[in-house]
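A structural walkthrough
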Amino acid sequence: MIVRNCIKELPCRFVQTISCVRKNSTAKYCLELVRKHDFENYLCTLLLHKNIRRTGFAVRAFNIEVATLQDQISDMKIGEMRFKFWESSLTEIYKNKIPKHPVLMELYTATKTQKLSIIYLKRLISSRENYMLNSSLKTIEDLETYAENSVSPVYYLFLEAMGIKDIKVDHAVSHLGKCQGIVNIIRGIPYNTKSGRISIPQDILLKYKVSYENIIRNSSEQNVRDAIYELASRANSHLIKAKSLEKEGNKHIKSICLPFVPLHLYLEKLRKADFNVFDKRLQERNNLLPMKLLWRKIVG
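Cut-offs used in this document
- Residues numbered from 1 in each chain as written.
- Predicted model: local features only at pLDDT ≥ 70, side-chain atom pairs only at ≥ 80, totals over all residues.
- Heavy atoms only, no water.
- Helix = DSSP H or I, 4+ residues; strand = E, 2+ residues; numbered from the N terminus.
- Buried < 20%, exposed > 50% of the residue type's maximum accessible area, 1.4 Å probe, protein only.
- Polar contact = N/O pair within 3.5 Å; in protein donor to acceptor, adjacent residues only side chain to side chain.
- Contact = heavy atoms within 4.5 Å.
- Salt bridge = Lys/Arg side-chain N within 4 Å of Asp/Glu carboxyl O.
- Axes fitted to C-alpha atoms, helices over the stretch in contact; angles between N-to-C directions.
- Nonpolar A, V, L, I, M, F, W, Y, C, P; charged D, E, K, R; others polar.
- Phe/Tyr/Trp six-rings, centres within 6.5 Å; stacked < 30°, edge-to-face > 60°.
- Lys NZ or Arg CZ within 6 Å of the ring centre and 35° of its normal.

The residue S150 is located in helix α9 (residues 140–150) in this model. A residue is classified by how much of its surface remains accessible, and S150, at 1% relative accessible area, is buried. A distance of 2.7 Å separates the side chain of S150 from the backbone oxygen of Y146, its partner in a polar contact. Sequence-distant contacts of S150, that is, excluding residues within four places in its chain, are made with N63, L124, S127 and R128.

As structure tokens, then:
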């Protein structure tokens, strides 16, 4: 009966959220941007607490704008100029100047309705810019630092929007961000190799004697799978830690931690594929994800 009610309720919640944002063109722009570029987090954001849902889409849309800059440019100077635009626009927002960009306009609204620290928004920019300028990660610890700086600030901003100040919760979403950042790197390997970018840390490549050629030709040899296994294991350890800390923290963060679900599902699918990151099945969308997300929000 509970499952049946969940299935009935899920479309209603999504439709209500979407119908609300259609009344506001900038909110709709952000929602559609997240839906197009980050479908799993789109579903998770739809299920955020209603008081921060619109802010959630604004923050995620902003993160997508800065995260996709590297894929849009081939000239570093132009890339630096674009990153500078987003950074200076943030400064303008916090000076009560409304920019003429739908994502920034929504972000301006968010900063007026909730207390969002500019430091976290700027960290999303600086982490991506630094990665663009030096995309070679030397160690797995460098990867964790990049994940912390490029993903965790999103969750810190959600906590601020909810008015939650809890050290255990901060640690929980920090580990969540690290897990998601590492998983993002793993999932992006097949895509990035097309443009010649190798995002696996150098110490892992050396440890398992994986060459750039192995990655570029989409090798599924044992040494490549061993390298992916180590990355996935590190991501999974952060996921386990995040879950344990979430249980001890504020009860109101359940919706913020919904990305636990798609992260666990992907890591499990990767395990079943024997850590062959180039397995086509890993690119398939899980049609049961919406129901699984709602189930976790309701019953944990």
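One can find L239 in helix α14 (residues 222–248). Overall, the relative accessible area of 2% leaves L239 in the buried class. The spatial distance from the C-alpha of L239 to the C-alpha of E129 is 26 Å, given a sequence separation of 110 residues. Among all residues touching L239, those that are not within four sequence positions of it are C179, F260, L263, H264 and L267.

Applying the stated criterion to the full structure yields 12 salt bridges. Close ionic contact of R187 with E40 constitutes a salt bridge, the shortest N to O distance being 3.0 Å. With R187 in helix α11 (residues 167–192) and E40 in helix α3 (residues 39–46), the pair connects residues that are 147 residues apart, well separated along the chain. Look at R187 and you get partly exposed, because its relative accessible area is 30%. The exposure class of E40 is partly exposed, given its relative accessible area of 24%.

Turning next to unusual backbone geometry. Of note in this structure, K209 is not a glycine but carries a positive phi near 55°. Structurally, the position occupied by K209 is in the loop between α12 (202–207) and α13 (212–216). Assessed through its relative accessible area of 72%, K209 is described here as exposed. A positive phi angle, near 55°, is found at N218, a position not held by glycine. Take N218: it is sitting in the loop between α13 and α14.

Our next topic: the environment of L206. Mapped onto the secondary structure, L206 falls in helix α12. Sequence separation of L206 and A227 is 21 residues, and the distance between their C-alpha atoms is 9.5 Å.

Moving on, we get to the packing of helix α8 (residues 118–133) against α9. It is at 8 Å that the axes of α8 and α9 come closest, and there the two elements cross at 140°. In this structure, α8 uses R123, L124, S127, R128 and Y131 to contact α9, whose residues at the interface are Y146, N149 and S150. Class assignment for the residues of the contact of α8 with α9 results in three nonpolar, three polar and two charged.

For the rest of this paragraph, the subject is the packing of aromatic side chains. The full count for this structure, using the stated rule, is eight aromatic pairs. With centroids separated by 6.0 Å and ring planes inclined at 55°, the aromatic side chains of Y42 and F57 adopt a geometry described as tilted. Taken together, the positions of Y42 in helix α3 and F57 in helix α4 (residues 53–67) put the pair 15 residues apart, joining distant regions of the chain. The exposure class assigned to Y42 is buried, which follows from its relative accessible area of 5%. When its relative accessible area of 3% is taken as the criterion, F57 is described as buried. Consider the rings of F62 and W86, whose centres lie 5.8 Å apart with planes at 75°: the pair is edge-to-face. Here F62 is found in helix α4, whereas its partner W86 is found in helix α6 (residues 76–93), with 24 residues between them in sequence. The exposure class assigned to F62 is buried, which follows from its relative accessible area of 0%. Among the aromatic residues, ring-to-ring pairing joins F39, Y42 and F57 into one connected group. Positioned above the aromatic ring of F39 is the side chain of R285, whose terminal nitrogen or guanidinium carbon lies 3.8 Å from the ring centre.

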